Amino acid sequence: MKKILLALAMLLPLALHAQDEVAFEFSDGINGNIKATMEQNTARLLTAINRAESKNADINYSGIGIDNLASQSIGMMWNNVHFRVVDDDIVEHCLRVKSSSGAVIGYQVRNIAVEMKPLDNSYVGDRNQEVCINYDRNGKISDFNITMGMQQYLRIIKEGEKLNDMDRRMQILHWVEQFRNAYCQKDINFMENVFSDDALIVTGKVVKREHTDMKPISVEYTTQGKQQYLAGLRRVFKNNGYINVKFDDIEIVRHGAKPNYYGVTLKQGWFTKNYSDEGIVFIVWDFTDEFQPKIMVRTWQPMQIDDSEVFTLNNFKLN
Amino acid sequence: MALVAAALLIGFSATAQTTSKQINQIKRSPLYLYAEATMESETEAQSVAYELLLQQVQEYIASSKSLSAADNVLIKDVKTKGESLSMMRGEMHRVFVYVKKYDIEAVSNTVAVNNNTNTAVNLPAQGATTTTQSTPVPTVTETPAPAQPTSQPQQQQQPAATATTTGKVESPLTGWQQMAMVSLLECPDMTSVRAKLNRLKAEYKIKRYGNADNCPSATDAYWAIFDGSGKLVTILGPGTTQRIDYKNMQYSSLSEYKGMNALWFNLAK
């Protein structure tokens, strides 16, 4: 009995420190040389992440087909929180990313489970998350993001099917995921690029009134331009450890007269160690350049607001 | 005490690894369609996983010529045959669901949904919205629809509910043989069946094939049956009076297709 327990005790460290090596394979959706290239790049990247996590070091990208923006994006996340790939053998669907004309412009894999390994106690959020990896047409890794919940994904693909603009909705989902990750990664450059120079940012604030009227809340709105908003964001990024931003209940509405404009309404959860809030965010995306869409409007309203007062495309005059 | 905890941990980890391995085996097999979801509650994960599976099924149907040409497609036994595996992932529940491609079959203009086991996907008219019946229906129902021309005449006379609740036979084919059969059944006509047989022969999966008039042993051969316009009607397995009809997985015989065009072939073993 003692021997068995001793053996178990010796095995325990092995069980707890799982191997860093990750095998990766696509089950379907892609064939040929590019499949092998993508599988190799993915396996190497996931293994490199695990190795870096084990050694508490930076990720070594040598030998991995990954573009600078993607590695920088992972690096920014790594500066705020480490993570580890849960499975050592991954088999997944390969999804095609298409332009609005239906041409394949890249590929994507979703559902890669990771366990967050916070650097300190500033981390607030789920320990178990999933990431998605994007590839360009040659199989090089072009992006890496923490995904939104499955419910969001399911809802968006179902609506895309119903309204026959699945490819565009998948693009929007990807950009919304990048937008969310940019907060978590404190990626101010992404924010600089994604907001249109003449973007309008509207922030609502609940005004507490005592003994005044029957209205439960009153909201005061502040408008800002892009640079003003980004200056505030820079301060927030600087003063906080990990920022966990969650997007839920996403709804996408296409503008009736301007088909390249989409209104995206979502519930945003903002969690930092010392402050958290929830609100309704409405974003107007201009997809005229589908490879670099721009945010024209971003609004934040408190959750307590009446449904009829939530901003929609109708509230903004788009030129 | 710590060692007991260690033993428990190892046991738990081993179980999760076994499930994970099982999941990957299924994912690697080309015989299945699959989907999964990881969520806070198992029920929620199961529901999302099934929805995603139905999306997979719809994509599969759209990419399959024989299925996309059908008025309706019956996915047999999604809730029972389309099994699910679940495991914990940290504090989250991972649910993996899958269905055999072979259990997705074309049926003609009558849809019958057998509550707990089957899911019907009604194929839309061109340009129309696809609707999915994913919620359980308490009783077997029939949707009366006007008869329409179809490429599956043998199923036209038989409501799908009868077909799925009585007389189904299990395919004796497994592995690559079943894949070969599925790929042949996906061929719309004689030309593409010939091309597929050629391809399978080059891969040593078909030993030989030929026209009906030069078959050395009709009993031992599989038979692909075509209608007057050359469209594939079904494929019958070897046998005499009881051959498996691989289109609807019921017994049939060559004599039922007397006068129709046919190609025979022998599968390699």
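Everything discussed here concerns the structure shown above.
Residues numbered from 1 in each chain as written. Chains lettered and ligands numbered in written order. Predicted model: local features only at pLDDT ≥ 70, side-chain atom pairs only at ≥ 80, totals over all residues. Heavy atoms only, no water.

Regarding the overall build of chain B
Helix and strand counts for chain B stand at seven helices and 13 strands. Taken over 269 residues, chain B has a buried fraction of 50%. In chain B, 70% of the contacts between residues at least 6 apart in sequence involve partners at least 24 apart. Carbon together with sulfur atoms contributes 52% to the accessible area of chain B, which is approximately 13000 Å² in total. (Helix = DSSP H or I, 4+ residues; strand = E, 2+ residues; numbered from the N terminus. Buried < 20%, exposed > 50% of the residue type's maximum accessible area, 1.4 Å probe, protein only. Contact = heavy atoms within 4.5 Å. Areas by Shrake-Rupley, 256 points an atom, 1.4 Å probe, with all protein chains shown as cover.)

Details of the overall build of chain A
Check the secondary structure of chain A and you find seven helices and 13 strands. Classification of the 319 residues of chain A by burial places 50% in the buried group. Accessible surface, chain A as shown: approximately 15700 Å² in total, 48% of it carbon and sulfur.

A few points about the pattern of salt bridges
Per the counting criterion, the structure on display carries 16 salt bridges over all chains. A salt bridge links A:D20 to A:R84, with the shortest nitrogen-to-oxygen separation between them at 2.7 Å. Pair noted here: A:D20 is in the loop between α1 (2-16) and β1 (23-28) and A:R84 is in strand β2 (residues 81-85), with a separation of 64 residues, a long-range link. Looking at A:R84, the relative accessible area reads 11%, which means it is buried. Residue A:K246 pairs with A:D126 through a salt bridge whose shortest N-O separation is 3.6 Å. Of this pair, A:K246 sits in strand β10 (residues 244-254) while A:D126 sits in the loop between β5 (104-118) and β6 (128-135), placing them 120 residues apart in sequence. By sharing partners, the salt bridges in this structure join A:E92, B:K27, B:E36 and B:R94 into a single network. (Salt bridge = Lys/Arg side-chain N within 4 Å of Asp/Glu carboxyl O.)

Description of the environment of B:A268
Residues and elements named next belong to chain B. By the secondary structure assignment, A268 is in the segment after β13 (261-267). The exposure class of A268 is buried, given its relative accessible area of 9%. When the C-alpha atoms of A268 and K207 are compared, they prove to be 5.2 Å apart, with 61 residues separating the residues in sequence. In this view, A268 contacts W176, Q177, Y204, K205, I206 and K207; residues no more than four positions away in its chain are not counted.

Details of the packing of aromatic side chains
Pairs of aromatic rings are described using the distance from one ring centre to the other and the angle between the two planes. Residue and element names in this part refer to chain A. Enumeration according to the criterion identifies 23 aromatic pairs over all chains in this entry. With a centroid separation of 5.6 Å and 55° between ring planes, the pair formed by F311 and F316 is classed as tilted. Assessed through its relative accessible area of 15%, F311 is described here as buried. Linked through ring pairs, W175, F179, Y183, F190, F195, Y229, F247, Y262, W270, W285 and F287 together constitute an aromatic cluster. (Phe/Tyr/Trp six-rings, centres within 6.5 Å; stacked < 30°, edge-to-face > 60°.)

Details of the sheet that holds strand β1 (residues 32-39) of chain B
Residue and element names in this part refer to chain B. Taken together, three strands build an open sheet; the order of strands is β1-β4-β3 and the sheet is antiparallel. Of all strands in the sheet, those with a lone pairing partner are β1 and β3 (84-89), marking the two edges. Neighbouring strand axes in the sheet, compared pairwise and without regard to direction, differ in orientation by 15° on average. Sheet topology note: the β3/strand β4 (residues 92-100) ladder contains six bridges and is antiparallel. Within β4, the residue paired with M87 across the bridge is R94. Taken strand by strand, helix α2 (residues 42-63) contacts β1, β3 and β4, and its axis lies near 150° from that of β1. (Pairing = 2+ DSSP bridges. Axes fitted to C-alpha atoms, helices over the stretch in contact; angles between N-to-C directions.)

A few points about the nonpolar core
One recurring pattern in soluble globular proteins is that nonpolar side chains are buried together. Counting residues in each nonpolar core, the largest one holds 118 residues, and the members touching the most others are A:F179, A:F195 and A:W285. Looking at this core element by element, the count peaks at nine residues for α2(B). Membership of the second largest hydrophobic core comes to ten residues, among which are A:M296, A:V297, A:F316 and A:L318. (Core = buried A, V, L, I, M, F, W, Y, C linked by side-chain atoms within 4.5 Å.)

Here we look at the packing of helix α6 (residues 175-185) of chain B against helix α7 (residues 190-202) of chain B
Residue and element names in this part refer to chain B. Packing of α6 against α7 leaves a shortest axis separation of 9 Å and a crossing angle of 155°. By the angle class used here, α6 and α7 are roughly antiparallel. As α6 runs across α7, the sense of the crossing is right-handed. Counted together, A180, S183 and L184 of α6 and V193, K196, L197 and L200 of α7 form the full contact between these two elements. In terms of residue class, the contact of α6 with α7 is made up of five nonpolar, one polar and one charged. (Parallel < 35°, antiparallel > 145°, perpendicular 65-115°, else oblique. Left-handed = near helix turned anticlockwise from the far one by under 90°. Nonpolar A, V, L, I, M, F, W, Y, C, P; charged D, E, K, R; others polar.)

Remarks on the packing of helix α4 (residues 150-163) of chain A against α2(B)
Remark: α4(A) packs on α2(B), axes separated minimally by 10 Å, with the N-to-C direction vectors making an angle of 30°. You can see that α4(A) and α2(B) cross each other, and the crossing is left-handed. On α2(B), the residues that touch A:M150, A:Q151, A:Y153, A:L154, A:I157, A:K158 and A:E161 of α4(A) are B:E44, B:V48, B:E51, B:L52, B:Q55 and B:Q58. For the contact of α4(A) with α2(B), the class distribution of residues is six nonpolar, three polar and four charged.

A closer look at the environment of A:S73
Residues and elements named next belong to chain A. Position of S73 relative to the elements: it lies in helix α3 (residues 68-80). Residue classification places S73 among the buried residues on the basis of a relative accessible area of 7%. With 109 residues separating them in the primary sequence, S73 and A182 have C-alpha atoms 8.3 Å apart. Apart from the residues within four sequence positions on either side, S73 is in contact with D143, F144 and Q185.

Description of the environment of A:V219
Residue and element names in this part refer to chain A. Here V219 is to be found in strand β9 (residues 218-224). Sequence separation between V219 and V207 is twelve residues, and the spatial gap between their C-alpha atoms is 5.6 Å. Those residues in contact with V219, other than ones at most four positions away along the chain, are G204, K205, V207, P302 and I305.

Digging into the side chain of B:S183
Structurally, the position occupied by B:S183 is in helix α6. Within polar-contact distance, the side chain of B:S183 engages the backbone oxygen of B:A180 at 2.7 Å. (Polar contact = N/O pair within 3.5 Å; in protein donor to acceptor, adjacent residues only side chain to side chain.)

Details of the sheet that holds β10(A)
Residues and elements named next belong to chain A. Reading across from one edge, β9-β8-β13-β12-β11-β10 is the order of the six strands in this open sheet, with mixed pairing throughout. The open sheet has two edge strands, β9 and β10, and neither has a second partner. For this sheet the average axis-to-axis angle between neighbouring strands, irrespective of direction, equals 20°. Lying on the sheet, helix α5 (residues 166-184) is in contact with β8 (195-207), β10, β11 (261-271), β12 (276-286) and β13 (294-302); it crosses β10 at an angle near 155°. Against the sheet, helix α7 (residues 226-239) contacts β8, β9, β11 and β13, and its axis sits at roughly 65° relative to β8.

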